[in-house]
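As a plain string of letters, each chain reads:
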Amino acid sequence: MGLLDILLGRTKPVAPDLDQLFALPSAAITLEAAAGFSPAGVGAVCFATVEGAAFEQTHREIQALLDADADRAGNPVELTQDGYGYSWLISRRPPEQLIELVNDLHAVNTSLEANGFGPQLLCSLAAFTDDAGRRLALVYLYKRGTFFPFAPLPGGAERRDSALELRVKAALGSDLRIEPDLGRWFPVWGAPGL
């Protein structure tokens, strides 16, 4: 970064640090103690939709990599597209296997990045639920290297529980690198597991 960048207020973008995903299991313990949310067993990686043979080959490689897990039942990765045109690679595990789910998310992100699809990566999330049936996601912003909570309100309307999100932010501040700019806490309507 040069002097002109400093004078104009430009900052160098934060490099993605996929190892931040490995903080999710310890954050889940704090989240359960502080807010009563436990893992829902669903995680997903969101990216701008990509078509073509190179992506199909990468998807097959990811599928083969995660199929190698003998303890997994069913398809390891499901590819879907949401109503906004973004693609999601979804991994499902039993709720008690959050560590394995995080490993899946890391492997998917790493594979996409290694095969040249890093610029298309948007976010990853792990879904949580409480005894009242409320849903919450801890969302990792790939291009920022930070997390934020997203809590949609039940009922189908696109509204979120901002008070819950702020409580979760306060509770997890020492466990995760939380995104300080609340304007970047983008809603992920229709995300898997929510």
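Everything below is about the structure shown above.
Anyway, here's the lowdown on the structure attached to this text. The structure presented is a predicted model; accordingly, all values stated were derived computationally and were not measured.

## Observations concerning the packing of aromatic side chains
Inspection of the entire model under this criterion finds five aromatic pairs. Between the aromatic rings of phenylalanine 47 and phenylalanine 55, the centroid separation amounts to 5.4 Å while the plane-to-plane angle is 45 degrees, which identifies the pairing as tilted. The class of phenylalanine 47 is buried, set by a relative accessible area of 2%. Taking 5.7 Å as the distance between ring centres and 85 degrees as the angle between the ring planes, the aromatic pair formed by phenylalanine 55 and phenylalanine 117 counts as edge-to-face. Of this pair, phenylalanine 55 sits in helix 3 (residues 53-67) while phenylalanine 117 sits in helix 4 (residues 98-117); the two residues are 62 residues apart in sequence, bridging distant segments of the chain. By relative accessible area, phenylalanine 55 is classed as buried at 3%. On the basis of relative accessible area, phenylalanine 117 is assigned to the buried category, the value being 12%. Here the aromatic cluster, defined as three or more aromatic residues joined through ring pairs, consists of Phe47, Phe55 and Phe117.

## Focus: the environment of isoleucine 62
In this structure, isoleucine 62 sits in helix 3. In the structure, isoleucine 62 is positioned 15 residues away from valine 77 in sequence and 7.9 Å away in space, judged by C-alpha atoms. Isoleucine 62 has contacts with Val77, Leu89, Val108, Ser111 and Leu112, leaving out every residue within four places of it along the chain.

## Notes on the pairing of strand 5 (residues 135-141)
Most of strand 5 is tucked away: six of the seven residues are buried. Note that strand 4 (residues 121-129) and strand 5 share seven bridges and pair antiparallel. Paired with alanine 126 across the strands is leucine 138, a residue of strand 5. Relative to strand 6 (residues 146-150), strand 5 runs antiparallel, the two being bridged by five bridges. Residue pairing in the sheet places valine 139 in a bridge with phenylalanine 148 of strand 6. The turn joining strand 5 and strand 6, which pair antiparallel and follow one another in sequence, is formed by four residues; a positive phi near 70 degrees is taken by glycine 145.

## What about the pattern of salt bridges?
For the structure on display, the rule yields seven salt bridges. The salt bridge partner of arginine 93 is aspartate 104, with a shortest N-O separation of 3.0 Å. Here arginine 93 is found in the loop between strand 3 (86-92) and helix 4, whereas its partner aspartate 104 is found in helix 4, with eleven residues between them in sequence. A salt bridge links glutamate 165 to arginine 160; its shortest N-O distance comes to 3.0 Å. Looking at glutamate 165, the relative accessible area reads 3%, which means it is buried.

## A closer look at the sheet that holds strand 6
In spatial order, the strands read 2-3-1-4-5-6; together these six strands make up an open sheet with antiparallel pairing. Both edges of this open sheet fall to strand 2 (78-81) and strand 6, since each of them pairs with a single strand only. Here the strands of the sheet are splayed against their neighbours by 25 degrees on average, with no regard to which way each runs. Two elements, strand 1 (residues 38-48) and strand 4, share seven bridges in a ladder whose sense is antiparallel. By the bridge assignment for strand 4, alanine 44 is matched with leucine 125. Running over the sheet, helix 5 (residues 162-172) touches strand 5 and strand 6 and is turned about 140 degrees from strand 6.

Cut-offs used in this document
Residues numbered from 1 in each chain as written. Predicted model: local features only at pLDDT ≥ 70, side-chain atom pairs only at ≥ 80, totals over all residues. Heavy atoms only, no water. Phe/Tyr/Trp six-rings, centres within 6.5 Å; stacked < 30°, edge-to-face > 60°. Buried < 20%, exposed > 50% of the residue type's maximum accessible area, 1.4 Å probe, protein only. Helix = DSSP H or I, 4+ residues; strand = E, 2+ residues; numbered from the N terminus. Contact = heavy atoms within 4.5 Å. Pairing = 2+ DSSP bridges. Salt bridge = Lys/Arg side-chain N within 4 Å of Asp/Glu carboxyl O. Axes fitted to C-alpha atoms, helices over the stretch in contact; angles between N-to-C directions.

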